[in-house]
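Architecture at a glance
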Amino acid sequence: MTHHGILKRTGENSKVRVVFNPTERDAQGYSLNDYLLAGPKLQQDISVIITRFRLRPIALACDICQMFRCILVHPEDRKYFHMFWRSSPNEPIREWEHTRVIFGATSSPFLANRTIKQLTYDEGKNYPKATLALTQQTFVDDILTGAFNKSEAFEIKRQLIGLLKAGGFELGKWASSDVDVTQPLQDSVELPMGIIQSAVKVLGIYWDTTSDVFQYKVHEVNEPATKRGILSRVARTYDINGYLSPFTFLLKCLVQALWLQKIGWDEPLPTDILEKWLLVKAQLPLIDSITIPRCIYKTEVSCARTFEQTREHSRTLGFTIQANRIAFQFSSNSEQPLKLMQEMKVGQAEINVVATKVEAAESKIEAGQEEERRMIQDEIQSVQEKIRMVENEMKAKYDELR
């Protein structure tokens, strides 16, 4: 196999990673990857992992250090992973054999995930919380889990370290929304990316651990005013969970219009589409101001209560979705779409806050004394009135957008 170095710059630090190329073809037109089997998919979808990452107030993230290099290849299969190497041009070329899983091979992700799965089978009974994190909240080598309180977070951290150590792995790049959880691990704490202060990157998303929110960063906007340029911007917008769908949907509508008009990849844009593209391009920096709360629920809730709350507010949520859709439909009367999305998000946040208050008040009734019932019921009525006010305000915005 041929190999080359990849230089990765992270803030002020840089490191070189050796990447092997099992895709390079021989004289007959075949590569090593053509003969390797990928195996079944064992990892969870990224979108599912990110959603689960939002379900607990204390978040905890880490990764398995050099995961592939910690896994041995079966001796009978090592003959397929050979490389030539010499430390200096004056030395003879020597043939080396890989004993560990390499990057880039078709079979490598399966081997890594299957090894972790086997580790949970063998040692998981002693580390139940860590087993849950590895099976339900891990994507390859990135672990995104959480807890409802500090003691549980410390226990999850302890179990993760113990379980992975039993398999010969080491954890690093620790990050948490609570600094106390990672305080004893300062030597292996994930450093901010530099682009967004106090933010680390988890599965491609910027996570500000201080304010515990997801953020986005728009890199330099220099795409040409062509179909290729617009499509390039769509491809460069990483949004696996669709939080920026109103924005990306808008760009895709522009690309669709260009296809319908049979505009070439590098042809100048028609005047009407060019005006819309320039408007969107000017508003792109507004994405930097969008923050999405990482945590959805601050306290543990049952499925039954969550269903009831969802059913109670389904009509309001429907108006929010409709308003978002209409706000991002492009017409001659289009206003600033990103600002409208922020307004809708604020309205929904208010509803979530008062809904939480209702739930807390109802819990007090269930556990409270008889003499407190009347005061608590008055509190519930007050909060429900607030919900109706927010609903009416959002309906008014919806009617304006129509």
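A quick note: this is a predicted structure, and the numbers were derived from the prediction, not measured.

What follows covers the overall build of the chain. Helix and strand counts for the chain stand at 13 helices and twelve strands. In the chain, buried positions account for 37% of the 402 residues. Long-range contacts, defined here as pairs at least 24 residues apart, represent 67% of the contacts in the chain between residues at least 6 apart. Accessible surface computed for the chain: about 23500 Å², of which carbon and sulfur atoms make up 53%.

So, on to a positive patch on the surface. A contiguous patch of positive charge, built from K8, K15, R17, K173 and K201, is present on the exposed surface. Checked against the element boundaries, R17 lands in strand β2 (residues 13–21).

Here we come to the sheet that holds strand β11 (residues 213–215). Taken together, four strands build an open sheet; the order of strands is β9-β10-β11-β12 and the sheet is antiparallel. The open sheet has two edge strands, β9 (199–202) and β12 (291–293), and neither has a second partner. Each adjacent strand pair in this sheet contributes to an overall mean axis angle of 35°, direction not counted. Relative to strand β10 (residues 205–208), β9 is paired through four bridges, and the arrangement is antiparallel. Note that in β10 the partner of V200 across the bridge is W207.

Bringing helix α9 (residues 271–283) into the picture now. For α9, which comprises 13 residues, the first-to-last C-alpha distance of 19 Å matches the rise-based estimate of 18 Å (1.5 Å per residue) to within 8%. Residues of α9 that are buried include every one of I273, W277, V280 and Q283, and no others. Around the axis of α9, the buried residues are gathered within 130° of arc, so they sit on the same side. Facing away from the buried side of α9 by more than 90 degrees, the exposed set consists of T271, E275 and A282.

Another point: the confidence of the model for the chain. Atom-level detail of predicted coordinates should not be read off regions where pLDDT is low. Here the chain averages 78 in pLDDT, and 70% of its residues register 70 or above. This model gives residues 301–337 a pLDDT under 50, and the stretch forms 49 contacts once residues within four places in sequence are excluded.

Time to look at the packing of aromatic side chains. Applying the stated criterion across every chain, the model contains five aromatic pairs. Taking the centre distance of 5.1 Å and the plane angle of 85° together, the rings of F53 and W207 count as edge-to-face. In this pair, F53 sits in helix α2 (residues 46–53) while W207 sits in strand β10, placing the two residues 154 residues apart along the sequence. Residue F53 shares its accessibility class with W207, and that shared class is buried. With 6.5 Å between their ring centres and 25° between their planes, F53 and F214 make a pair best called stacked. Highlighted residues: F53 in helix α2 and F214 in strand β11, separated in sequence by 161 residues. The same class applies to F53 and to F214, which are both buried. An aromatic cluster of three or more residues is present, and its members are F53, W207 and F214. If you follow K227 out to its NZ or CZ, it ends over the ring of W259, 3.4 Å from the centre.

Here the focus is the pattern of salt bridges. One side chain can pair with another of opposite charge once the charged atoms of both are near each other. Applying the stated criterion to the full structure yields eleven salt bridges. For the salt bridge of K129 with E152, the shortest nitrogen-to-oxygen distance reads 3.7 Å. Linking K129 in helix α4 (residues 128–136) with E152 in helix α5 (residues 150–166), this pair joins segments that are 23 residues apart in sequence. A residue is classified by how much of its surface remains accessible, and K129, at 35% relative accessible area, is partly exposed. Two residues, K150 and D180, come together in a salt bridge whose shortest N-O distance is 2.5 Å. You can see K150 sitting in helix α5 and its partner D180 sitting in helix α6 (residues 179–182), a full 30 residues away along the chain. The exposure class of D180 is partly exposed, given its relative accessible area of 35%. Residues joined in a network through salt bridges with shared partners are K150, D178 and D180.

On the surface, L231, W259 and W265 cluster together into a nonpolar patch covering about 300 Å² of accessible area. You can see W259 is positioned in helix α8 (residues 245–260).

Thresholds applied
Residues numbered from 1 in each chain as written. Predicted model: local features only at pLDDT ≥ 70, side-chain atom pairs only at ≥ 80, totals over all residues. Heavy atoms only, no water. Helix = DSSP H or I, 4+ residues; strand = E, 2+ residues; numbered from the N terminus. Buried < 20%, exposed > 50% of the residue type's maximum accessible area, 1.4 Å probe, protein only. Contact = heavy atoms within 4.5 Å. Areas by Shrake-Rupley, 256 points an atom, 1.4 Å probe, with all protein chains shown as cover. Patch = residues over 30% accessible without salt bridge, like charges linked within 9 Å, V, L, I, M, F, W, Y side chains within 5 Å. Salt bridge = Lys/Arg side-chain N within 4 Å of Asp/Glu carboxyl O. Lys, Arg positive; Asp, Glu negative; His and termini not counted. Charge placed at Lys NZ, Arg CZ, Asp CG, Glu CD. Pairing = 2+ DSSP bridges. Axes fitted to C-alpha atoms, helices over the stretch in contact; angles between N-to-C directions. Expected span 1.5 Å × (residues − 1). Arc of directions from axis to C-beta. pLDDT = per-residue confidence, 0-100. Phe/Tyr/Trp six-rings, centres within 6.5 Å; stacked < 30°, edge-to-face > 60°. Lys NZ or Arg CZ within 6 Å of the ring centre and 35° of its normal.

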